[in-house]
Amino acid sequence: AIGVILRRMAFLLLPLSILFIKYYPALGRTYHTTGGLIYAGVTGNKNALGALCMICGIYFTWNMLLYRWKTSSSEQQLQSSVYLIMLPSIGWLMYIANSATSFTCLMFAICLFVVGRQRAFSQNPLNIVIFGIVCIIAYGMLEIAFDVKDSLIAMLGRRPDLTTRVPMWNDLLTMAGNPLVGYGFESFWLGERRDIMRTNWGIEGQAHNGYLDMYLNLGYAGLFFALAYILSGLKTTYHCLFIEYPIALFRMSIILVFLLYNWTENAFHLMSVLWFLLIFSIMDSPTQKKS
């Protein structure tokens, strides 16, 4: 059911974005406060367009690399033609959107799928968990020894301070309220605080960091419950690896991408498609309970 929704969303929104950007610039393009041109397509800004491409790209690459369709050969050929149309469209829109966060998350998910489809992992799902832990430890050691984070950020065409986001985050931390419960649900970006951030940094409504936004609104309590819920979902997905491996890997990719995406963007809000996908990804499926 989720796949049908994502496919129809992609079939409608991606071609419309290309159409608006190329032939209806009043609809598909906008300008930054500094005067730079921004390609937004059917969305409101380049980051939203990047997120749309990221979600569609994750679904189509997972479908192509892992999912086994029980269809006739003629339908398989039709699906191959769909990939030939949709994947280049996603690539082109991602390129002109120039959203480093969405691009990084998409590449991470693709690498997960490429690794996950190898026989050593598909036949013994525990190996992919071990492989992930080894990769995290290896990255931590490289970061301590060589500070690879700044090099990776530079490779994406961004500054080590993430285009002034680090100083902005420091400024936001000075405005934090009660560290335990924050200002209340969706209450930080109201009144004087909103005006100050709009004047000083040109932003309003989010801190471009989901964890910081959660802390500002709901404090450590909000962070604890959100991360506990996600960790519980990872545990559920781990058990699903031994029952529905391809689907479990898709669910795991959504959870991990969500965690990565919130480093420089905020998906912890009810209007985010990625948030809805997270909710579905961490739910127990009837198949799991039955098994």
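Check the entry above for the structure.
Just so you know, these numbers come straight off a predicted model, no measurement behind them.

### Description of the pattern of salt bridges
Okay, so step 1: What the rule picks out here adds up to 2 salt bridges.
Okay, so step 2: Here Glu265 ties to Arg165 by a salt bridge, and the two come within 3.3 Å at their closest N and O atoms. With Glu265 in the loop between helix 12 (245-261) and helix 13 (273-281) and Arg165 in helix 9 (residues 165-174), the pair connects residues that are 100 residues apart, well separated along the chain. Like Glu265, the residue Arg165 is buried in the burial classification.
Okay, so step 3: With a closest N to O distance of 3.1 Å, Arg198 and Asp195 form a salt bridge. With Arg198 and Asp195 both in helix 10 (residues 191-201) and 3 residues apart, this pair spans about one turn of that helix.
Okay, so step 4: The partly exposed category is assigned to Arg198, whose relative accessible area is 36%.
Okay, so step 5: With relative accessibility at 39%, the residue Asp195 sits in the partly exposed group.

### Observations regarding the environment of Ala40
Okay, so step 1: Its place among the elements puts Ala40 in the loop between strand 2 (37-39) and helix 3 (46-65).
Okay, so step 2: In this structure Ala40 comes out as buried when scored by relative accessible area, which is 3%.
Okay, so step 3: Measuring from C-alpha to C-alpha, the distance between Ala40 and Val114 comes to 30 Å, with 74 residues separating the pair along the chain.

### A closer look at the environment of Asn170
Okay, so step 1: Inspection of the secondary structure assignment puts Asn170 in helix 9.
Okay, so step 2: For the pair formed by Asn170 and Ile96, sequence separation is 74 residues and the distance between their alpha carbons is 30 Å.

### Topic: the packing of helix 7 (residues 126-146) against helix 8 (residues 148-155)
Okay, so step 1: One can describe the packing of helix 7 onto helix 8 by two numbers: an axis separation of 7 Å at closest approach and a directional angle of 95 degrees. Judged by the angle between their axes, helix 7 and helix 8 are roughly perpendicular. Across from Tyr139, Leu142, Glu143 and Phe146 in helix 7, the residues of helix 8 making contact are Val148, Lys149 and Leu152.
Okay, so step 2: In terms of residue class, the contact of helix 7 with helix 8 is built from 5 nonpolar, no polar and 2 charged.

### Thoughts on the environment of Tyr238
Okay, so step 1: Here Tyr238 lies in helix 11 (residues 210-240).
Okay, so step 2: As for Tyr238 and Leu249, which are separated by 11 residues in sequence, their C-alpha atoms are 8.9 Å apart.

### What about the side chain of Arg165?
Okay, so step 1: According to the relative accessible area criterion, Arg165 is buried, its value standing at 17%.
Okay, so step 2: Side-chain polar atoms of Arg165 contact the side chain of Glu265, separated by 3.3 Å.
Okay, so step 3: Excluding residues within four positions of it along the chain, Arg165 makes contact with Asn47, His208, Thr264 and Glu265.

### Regarding the packing of aromatic side chains
Okay, so step 1: Scanning all chains against the criterion turns up 17 aromatic pairs.
Okay, so step 2: A centroid spacing of 4.9 Å and a plane angle of 45 degrees characterise the contact between Trp62 and Phe250, whose relative ring orientation is tilted. Of the two residues, Trp62 sits in helix 3 while Phe250 sits in helix 12, which places them 188 residues apart along the sequence. With respect to burial, Trp62 and Phe250 carry one shared label: buried.
Okay, so step 3: Ring centres of Tyr215 and Tyr220 lie 5.1 Å apart, and the angle between their planes is 55 degrees; this geometry places the pair in the tilted category.
Okay, so step 4: With a relative accessible area of 13%, Tyr215 lands in the buried category.
Okay, so step 5: In this structure an aromatic cluster arises from ring pairing among Phe11, Tyr59, Phe60, Trp62, Tyr83 and Phe250.
Okay, so step 6: Here Lys22 stacks its cationic end above the ring of Tyr23, 6.0 Å away from the centre of that ring.

### Regarding a nonpolar patch on the surface
Okay, so step 1: On the surface, Leu126, Ile130, Val134, Phe242 and Ile243 cluster together into a nonpolar patch covering about 420 Å² of accessible area.
Okay, so step 2: Relative to the helices and strands, Phe242 is located in the loop between helix 11 and helix 12.
Okay, so step 3: With relative accessibility at 45%, the residue Phe242 sits in the partly exposed group.

Quick notes on the rules
- Residues numbered from 1 in each chain as written.
- Predicted model: local features only at pLDDT ≥ 70, side-chain atom pairs only at ≥ 80, totals over all residues.
- Heavy atoms only, no water.
- Salt bridge = Lys/Arg side-chain N within 4 Å of Asp/Glu carboxyl O.
- Helix = DSSP H or I, 4+ residues; strand = E, 2+ residues; numbered from the N terminus.
- Buried < 20%, exposed > 50% of the residue type's maximum accessible area, 1.4 Å probe, protein only.
- Axes fitted to C-alpha atoms, helices over the stretch in contact; angles between N-to-C directions.
- Parallel < 35°, antiparallel > 145°, perpendicular 65-115°, else oblique.
- Contact = heavy atoms within 4.5 Å.
- Nonpolar A, V, L, I, M, F, W, Y, C, P; charged D, E, K, R; others polar.
- Polar contact = N/O pair within 3.5 Å; in protein donor to acceptor, adjacent residues only side chain to side chain.
- Phe/Tyr/Trp six-rings, centres within 6.5 Å; stacked < 30°, edge-to-face > 60°.
- Lys NZ or Arg CZ within 6 Å of the ring centre and 35° of its normal.
- Patch = residues over 30% accessible without salt bridge, like charges linked within 9 Å, V, L, I, M, F, W, Y side chains within 5 Å.
- Areas by Shrake-Rupley, 256 points an atom, 1.4 Å probe, with all protein chains shown as cover.

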